[in-house]
Amino acid sequence: VKDGAGTVVVTIGNKPKETETQLSVKEGDLQGGWYDCGDHLKESQTQAFAFMALAVMSATNPTKDVDHYAYNHGEFVKTDGIPDVLREAKHGADFFLRAYRVAKGVIDDMPVSVGNFSSDHGWWGRPEIQDNVTSTGRGGPTERDVRLGELGSNVSGEIAAGLAILSKNYAKYDSAFADSCLTVAEKMYGFAKALAQGKDKYDGDKPFVNNKTAAGWGTSAYIGNDAFADDLALASVALLYATGKKDYADDMIRTTGLFSGQMPKTGV
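Here's what I pulled together on the structure shown here. Per chain, residues are indexed from 1 in the order of the written sequence. In keeping with the model being predicted, local features are shown solely for residues with a pLDDT of at least 70 and side-chain atom pairs are shown and tallied solely at 80 or more, while totals for entire chains, interfaces and linings include all residues. As a rule here, side-chain values cover all heavy atoms of the structure and leave hydrogens and water aside.

### Observations concerning the packing of aromatic side chains
In step 1: For Phe, Tyr and Trp, where Trp contributes only its six-membered ring, two rings pair if their centres lie within 6.5 Å, and the inter-plane angle classes them as stacked under 30 degrees, edge-to-face over 60, or tilted in between. The full count for this structure, using the stated rule, is nine aromatic pairs.
In step 2: Measuring from ring centre to ring centre gives 5.5 Å for phenylalanine 95 and phenylalanine 96, while their planes differ by 75 degrees; the resulting arrangement is edge-to-face.
In step 3: Throughout this description, buried means an accessible area under 20% of the type-specific maximum (1.4 Å probe, protein chains only), exposed means over 50%, and partly exposed covers the range between. With relative accessibility at 0%, the residue phenylalanine 96 sits in the buried group.
In step 4: Their ring planes at 55 degrees and their centres at 5.2 Å tell us that phenylalanine 228 and phenylalanine 259 sit as a pair that is tilted. With phenylalanine 228 in the loop between strand S6 (206-207) and helix H6 (229-243) and phenylalanine 259 in the segment after helix H7 (246-254), this residue pair connects regions lying 31 residues apart in the sequence.
In step 5: Through a chain of ring-to-ring contacts, the aromatic side chains of Phe51, Phe95 and Phe96 assemble into a single cluster.
In step 6: A ring is considered to have a charge above it if a Lys NZ or an Arg CZ atom is located within 6 Å of its centre and within 35 degrees of its normal. A cation over an aromatic ring shows up here: lysine 168 above the ring of tyrosine 241, its NZ or CZ 4.3 Å from the ring centre. Counting from the N terminus, the helices are the DSSP runs of H or I reaching at least four residues and the strands are the DSSP runs of E reaching at least two.

Here it is as structure tokens:
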């Protein structure tokens, strides 16, 4: 689809506003991922959760995740040799990796939400034909905003967890893709943790410009993302699973002052 052709905006105070940016996004750059509740919005919160849940279920139930279909689920005779839930998780990962490339590796600049709330409901129909809509106010390609500032510590923690799991479990099918997943997972986790800690910068010297609130931000579609401790915990587990690095084990079970308001670790 032609996602990426819309205006670049940043979510401030729960409302997307046009912003000055050097981000260069063109038509088709943000294809993939999943649309939200049958309409033409891609929402960071629901995409990240769906992606994380698919990755976790495939990893924790490997005997149940089997290959019934090809990537196109209409094909069930000639399959693709990849477990179906894992392959669907890759579809989500592909979207987040595209956003990372569009942002030129700057996590804070990643556009992980697409769509304009007003024009989205101006026309109700299947997303696969939305690119043919040319009438104003109907959610056509140029009216689907490219939205920044929707990567709280919860959303980025879930993305990091999903990418970390795929970096290990998809490696035997596509090692280059798996390597990309791990690179972004580690950067995304560092971003999520620094945001939760209230820091001004992450990844060395990169400032938080678009994303400045770890929790409590929302959009016209989704409000109430106050919890992120569980998402950071899952990300640390997933990265330990993928890398075996002691730092992730420390975050997972030993470090008690990781961020303000952290749930106390008892009996460890």
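### Quick notes on the environment of tyrosine 202
In step 1: With respect to the helices and strands, tyrosine 202 occurs in strand S5 (residues 201-202).
In step 2: Between the C-alpha atoms of tyrosine 202 and lysine 187, which are 15 residues apart in sequence, the distance is 9.0 Å.
In step 3: Ignoring any residue separated from it by four or fewer positions in sequence, one finds tyrosine 202 in contact with Val106, Ile107, Asp108, Phe191, Ala194, Pro207 and Phe208. Two residues qualify as a contact provided that any one of their heavy atoms is within 4.5 Å of a heavy atom in the partner residue.

### What about the pattern of salt bridges?
In step 1: Salt bridges are identified by distance alone: a Lys or Arg side-chain nitrogen within 4 Å of an Asp or Glu carboxyl oxygen. Evaluated as defined, the whole model comprises 13 salt bridges.
In step 2: As a salt-bridge pair, arginine 147 and glutamate 150 come within 2.9 Å of each other at their nearest N and O atoms. The pair formed by arginine 147 and glutamate 150 is uniform in burial state, with each residue classed as buried.
In step 3: Across the pair lysine 206 and aspartate 203 runs a salt bridge whose closest N-O atoms are separated by 2.9 Å.

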